[in-house]
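A look at the structure
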Amino acid sequence: MKIFAVCLLLSMSSFAVADVLVVNIFKSMPGKNQLTLQYGQEAKAILSKLGANITLGVDMDGRLHLARSFNNWAAWAKFGKALQANGEWTAFLKKINKSPSAVLEDNYMMNTPVPGEVGAVYQVFIFEPVMGRAGDLLRSAMQAKAMHEKAGASVSISIDQLQKLHYVTSYDSWDDWAKVQDTPNPEFQAFMKKQGEDPKAKLVKVYTATSM
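Residues numbered from 1 in each chain as written. Predicted model: local features only at pLDDT ≥ 70, side-chain atom pairs only at ≥ 80, totals over all residues. Heavy atoms only, no water.

Details of the pattern of salt bridges
Considering all chains together, one arrives at 12 salt bridges under this definition. In this structure, the salt-bridge partner of Lys 145 is Glu 149, at a minimum N-O distance of 2.6 Å. Of this pair, Lys 145 and Glu 149 are both found in helix H5 (residues 134-151), 4 residues apart, which corresponds to roughly one turn of the helix. Because the salt bridges share partners, they merge into one network encompassing Arg 133, Asp 136, Arg 139, Asp 198 and Lys 200. (Salt bridge = Lys/Arg side-chain N within 4 Å of Asp/Glu carboxyl O. Helix = DSSP H or I, 4+ residues; strand = E, 2+ residues; numbered from the N terminus.)

Next comes the structure, spelled out in structure tokens:
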């Protein structure tokens, strides 16, 4: 799957070296939302000291998103070795295994050919491309990105290990998110109508979350 993502990058000459993004999504056990968030904050502190850029988010269903980003695959591999040898992380894993608060519901490993800022509010739209049209989907996502950023959002685009495209829109606040939703966007509506006439993908998941 990594080869697929690299081929997409090479096909778009304007792209720089892609970031690597790993996202784990945890669903809390009944009554353990606060403990899950506490564990997430502890994990963030440990992982940050080892050199990863960490983002925590909680979606509308109460699931915790733990995202780790790296400048390249070499940085990701180096981090993995350091993590395995880290005593603080080993002790943390023993603690949460003894008193678990959540189960891992989703796990994504992605190349990010088009990075963007992560604001206080973000939405993730996950698209599964029609067979043979992954490149067309990526080009359409780039067109949508320009429209959304003109409307006030920050946008990043990632491709996971199953070839799905993750389109992430970020906002500084819920007020900013609401303003974009309430403002008519004829350009984007016309764009989506055209996409519907020539579908390149199926929308399979949507997450709306708040960064912690």
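Points about the layout of surface pockets
Reported here for the largest pocket is a volume of approximately 740 Å³. Around the largest pocket, the lining comprises 33 residues; the ones closest to its centre are Ala 144, His 148, Tyr 167, Phe 188 and Met 192. Looking at the lining of the largest pocket, the elements that each hand over two or more residues are strand E5 (121-129), H5, strand E7 (165-171), helix H6 (174-182) and helix H7 (186-197). Sort the elements by how many residues they give to the lining of the largest pocket and H5 lands first, with 8 residues. Partitioning the lining of the largest pocket into residue classes produces 17 nonpolar, 11 polar and 5 charged. As a volume, the second largest pocket reaches approximately 570 Å³. Looking at the lining of the second largest pocket, the elements with two or more residues in it are strand E1 (19-28), strand E2 (53-59), strand E3 (64-70), strand E4 (102-114), E5, strand E6 (154-160), E7 and strand E8 (201-211). By residue class, the composition of the lining of the second largest pocket is 16 nonpolar, 11 polar and 2 charged. (1 Å grid on protein atoms, 1.4 Å probe; cavity = no way out; pocket = protein on both sides within 12 Å on 5 of 7 lines; lining within 4 Å. Points joined across faces, edges and corners; volume = space filled by probe spheres on them. Nonpolar A, V, L, I, M, F, W, Y, C, P; charged D, E, K, R; others polar.)

Remarks on the confidence of the model for the protein chain
With 92% of its residues at a pLDDT of at least 70, the protein chain reaches an overall mean of 89. The element-level mean pLDDT for the protein chain is lowest in helix H1 (residues 2-11), coming to 36, with helix H4 (residues 87-98) highest at 96. Within the model, the stretch residues 1-17 combines pLDDT values under 50 with 22 contacts to residues more than four positions away or in other chains. (pLDDT = per-residue confidence, 0-100. Contact = heavy atoms within 4.5 Å.)

Here we look at the packing of helix H2 (residues 33-49) against H4
Contact geometry for H2 and H4: axes closest at 10 Å, N-to-C directions at 165°. Relative to H4, the element H2 is oriented roughly antiparallel. As for how H2 packs across H4, the hand of that crossing is left-handed. Contact with H2, carried on its side by Tyr 39, Glu 42, Ala 43, Ile 46, Leu 47 and Lys 49, involves Glu 88, Trp 89, Phe 92, Lys 95 and Ile 96 of H4 and no other residues of that element. (Axes fitted to C-alpha atoms, helices over the stretch in contact; angles between N-to-C directions. Parallel < 35°, antiparallel > 145°, perpendicular 65-115°, else oblique. Left-handed = near helix turned anticlockwise from the far one by under 90°.)

Let's talk about the side chain of His 65
Position of His 65 relative to the elements: it lies in strand E3. A relative accessible area of 4% means that His 65 is categorised as buried. Separated by 3.0 Å, the side chains of His 65 and Asp 59 make a polar contact. (Buried < 20%, exposed > 50% of the residue type's maximum accessible area, 1.4 Å probe, protein only. Polar contact = N/O pair within 3.5 Å; in protein donor to acceptor, adjacent residues only side chain to side chain.)

Side note on the pairing of E4
One ladder, built from 10 bridges, connects E1 with E4; its direction is antiparallel. Of the residues in E4, the one forming a bridge with Asn 24 is Asn 107. (Pairing = 2+ DSSP bridges.)

Describing the side chain of Asn 86
If you trace the backbone, Asn 86 turns up in the loop between helix H3 (73-84) and H4. Polar contacts involving the side chain of Asn 86 include one to the main-chain amide nitrogen of Trp 89, which spans 2.7 Å. If sequence neighbours within four positions are ignored, Asn 86 has contacts with Ile 46 and Leu 50.

Digging into the environment of Ala 91
In this structure, Ala 91 sits in helix H4. Residues Ala 91 and Val 121, 30 residues apart in the sequence, show an inter-C-alpha distance of 32 Å.

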